[in-house]
Amino acid sequence: KGQVLELSWPTHVPPLICPLNSHVYILMTETGHSCLIGATYEKGYQEAKVNLDTAQQEILPKAFALFPALTQSRILNC
């Protein structure tokens, strides 16, 4: 199971011109006002539905390390 988070994009940072990829990926949405970050790689999960806690725990620390400007962003979707 792979989960992805959508975060608001910081207003003081210009949109990315290309995706970033390391232990997580960060890519802009078409609007340029949010980004997608991900993804989890969950083996042995119990349910197919979204688990925001797991997604946050697995994705956010890696995303913040890769792109610290996202630390003040809001989670919009999972």
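Our subject is the structure listed above.
These numbers come from a predicted model, not from an experiment. (Residues numbered from 1 in each chain as written. Predicted model: local features only at pLDDT ≥ 70, side-chain atom pairs only at ≥ 80, totals over all residues. Heavy atoms only, no water.)

A short note on unusual backbone geometry
- In this structure, Ala-39 follows Gly-38 across a cis peptide bond, with omega equal to -5 degrees.
- When you line up the elements, Ala-39 lands in the loop between β4 (34-38) and α1 (52-66). (Helix = DSSP H or I, 4+ residues; strand = E, 2+ residues; numbered from the N terminus.)

Considering the pattern of salt bridges
- Per the stated rule, a full pass over the model turns up 1 salt bridge.
- Here Lys-49 ties to Glu-47 by a salt bridge, and the two come within 3.7 Å at their closest N and O atoms.
- Glu-47 sits in the partly exposed class, given a relative accessible area of 44%. (Salt bridge = Lys/Arg side-chain N within 4 Å of Asp/Glu carboxyl O. Buried < 20%, exposed > 50% of the residue type's maximum accessible area, 1.4 Å probe, protein only.)

Examining the state of the cysteines
- One pass over the structure, following the stated rule, counts 0 disulfides.
- With no disulfide partner, Cys-18 has as its closest neighbouring cysteine sulfur the one in Cys-35, 14 Å distant.
- Of the residues examined, Cys-18 reaches a relative accessible area of 44% and is grouped as partly exposed.
- Residue Cys-35 is classed as buried on the basis of its relative accessible area, which comes to 0%. (Disulfide = S-S within 2.5 Å.)

Observations concerning the side chain of Ser-34
- Here Ser-34 shows up in strand β4.
- The residues touching Ser-34, leaving out its near neighbours within four places in the chain, are Glu-6, Leu-7, Ser-8, Trp-9, Met-28, Thr-29 and Leu-76. (Contact = heavy atoms within 4.5 Å.)

Some points on the sheet that holds strand β5 (residues 75-77)
- Sheet architecture is open: 5 strands sit in the order β2-β3-β4-β1-β5, paired in antiparallel fashion. Both edges of this open sheet fall to β2 (20-21) and β5, since each of them pairs with a single strand only.
- Running at roughly 60 degrees to strand β1 (residues 4-8), α1 makes contact with β1, β2, β3 (25-28), β4 and β5 of the sheet. (Pairing = 2+ DSSP bridges. Axes fitted to C-alpha atoms, helices over the stretch in contact; angles between N-to-C directions.)

Remarks on the environment of Ala-63
- Here Ala-63 shows up in helix α1.
- Spatially, the C-alpha atom of Ala-63 lies 11 Å from that of Leu-7, the residues being 56 residues apart in sequence.
- Not counting residues up to four positions away in its chain, the partners in contact with Ala-63 are Val-24, Ile-26 and Ile-37.

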